[in-house]
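Each chain, letter by letter, is given below.
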Amino acid sequence: MIKRKTLFIFLLPVIFATGFILASCKEEGEVITKPDEFAHVYEASENKLLQAVAQVFKDKGFGTAAINQETNEVESGYLVQDDWRTKGIARVKKINWKECELVLSVITEKKASNGWEMRRLLGKKQYDTFFDAIELQLYQEMYKVK
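Residues numbered from 1 in each chain as written. Predicted model: local features only at pLDDT ≥ 70, side-chain atom pairs only at ≥ 80, totals over all residues. Heavy atoms only, no water.

Colleague: Lay out the overall build of the protein in plain terms, naming residues and giving numbers.
Modeller: What the protein contains, in helices and strands, is 3 helices and 8 strands. Going residue by residue from the N terminus, the α and β elements of the protein occur as α-β-β-α-β-β-β-β-β-β-α. Split into buried and exposed, the 146 residues of the protein put 36% on the buried side. Within the protein, contacts between residues at least 6 apart in sequence are counted, and of these 61% link residues at least 24 apart. As displayed, the protein has an accessible area near 9,100 Å², and 55% of this comes from carbon and sulfur atoms. (Helix = DSSP H or I, 4+ residues; strand = E, 2+ residues; numbered from the N terminus. Buried < 20%, exposed > 50% of the residue type's maximum accessible area, 1.4 Å probe, protein only. Contact = heavy atoms within 4.5 Å. Areas by Shrake-Rupley, 256 points an atom, 1.4 Å probe, with all protein chains shown as cover.)

Right, here's the structure in full:
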């Protein structure tokens, strides 16, 4: 039973990342000037939430994510595929003693003749999928044995 659960936990992010990459390569997306941002509130400490976001970025194929403890931000490197590149940025803000707000932005850009054009490829549903993966990872971070 435990092996199935562990396998599911590790395969789920890989499946999501593959879906996002394939979706971003097929669609052209709407050109935008400012990246979309979506927020979600979690019952966790800022530090645990930052660690969970960094791990989800890594699991989804964004490479290593840099955690900035001073500004409470996590920024991934660019995931480049063909003429597309994608980057994740998350900011954590403490609301009260037990809740933190996470503002997530996934920036997708397409190579154009004059540089990189920012495009909207992800909608609310895809961001909700990210938030669900972060919540799952947050539980894992909270219950790690030190």
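Colleague: How would you explain the packing of helix α2 (residues 46–59) against helix α3 (residues 124–142) if you had to name every residue and give the values?
Modeller: At a minimum axis distance of 8 Å, the contact between α2 and α3 shows a crossing angle of 120°. By the angle between their directions, the pair α2 and α3 is classed as oblique. Remark: the crossing between α2 and α3 carries right-handed chirality. For the pair α2 and α3, contact is made by Lys 48, Leu 49, Gln 51, Ala 52, Val 53, Gln 55, Val 56, Phe 57 and Asp 59 and by Phe 130, Ala 133, Ile 134, Gln 137, Leu 138 and Glu 141, respectively. (Axes fitted to C-alpha atoms, helices over the stretch in contact; angles between N-to-C directions. Parallel < 35°, antiparallel > 145°, perpendicular 65-115°, else oblique. Left-handed = near helix turned anticlockwise from the far one by under 90°.)

Colleague: Please give an account of the packing of aromatic side chains that cites residues and values.
Modeller: Enumeration over the complete set of coordinates arrives at 3 aromatic pairs. Where Phe 38 meets Tyr 127, the ring centres are 4.5 Å apart and the plane angle is 40°; that geometry is what we call tilted. Of this pair, Phe 38 sits in strand β2 (residues 38–42) while Tyr 127 sits in helix α3, and the two are 89 residues apart along the sequence. Look at Tyr 127 and you get buried, because its relative accessible area is 1%. Both rings, one in Phe 62 and one in Phe 130, keep their centres 6.2 Å apart while their planes meet at 50°; by these two values the pair is tilted. With Phe 62 in the loop between α2 and β3 (65–68) and Phe 130 in helix α3, the pair connects residues that are 68 residues apart, well separated along the chain. For the pair Phe 62 and Phe 130, one class covers both residues: buried. Joined through ring pairs, the aromatic side chains of Phe 57, Phe 62 and Phe 130 make up one cluster. (Phe/Tyr/Trp six-rings, centres within 6.5 Å; stacked < 30°, edge-to-face > 60°.)

Colleague: Go over the environment of Val 106 with me, naming the residues and quoting the values.
Modeller: Tracing the backbone through its elements, the reader meets Val 106 in strand β7 (residues 100–112). Spatially, the C-alpha atoms of Val 106 and Phe 130 are 9.8 Å apart, while their sequence positions differ by 24 residues. Discounting chain neighbours no more than four positions away, the residues touching Val 106 are Asp 36, Phe 62, Thr 86, Lys 87, Gly 88, Leu 122, Tyr 127 and Phe 130.

Colleague: Requested: an account of α2, with residues and values cited.
Modeller: Taking 1.5 Å of rise per residue, 14 residues should cover 20 Å, and α2 covers 20 Å from first to last C-alpha, within 8% of that figure. For α2, the complete set of buried residues consists of Lys 48, Leu 49, Leu 50, Ala 52, Val 53, Ala 54, Val 56 and Phe 57. Each element contacted by the buried residues of α2 is listed here: β2, β3, β4 (73–76), β6 (84–94), β7 and α3. (Expected span 1.5 Å × (residues − 1).)

Colleague: Requested: an account of the nonpolar core, with residues and values cited.
Modeller: Counting 24 residues, the largest nonpolar core has Leu 49, Phe 57, Leu 102, Phe 130 and Ile 134 as the members making the most contacts within it. Taken together, the elements giving at least two residues each to this core come down to α2, β6, β7 and α3. Examining the composition of this core, we find that 7 residues originate from one element, α2, more than from any other. If we skip the residues at most four places from it in the chain, Leu 102 touches Phe 38, Ala 39, His 40, Tyr 42, Leu 49, Val 53, Ala 90, Arg 91, Val 92, Phe 131 and Ile 134. (Core = buried A, V, L, I, M, F, W, Y, C linked by side-chain atoms within 4.5 Å.)

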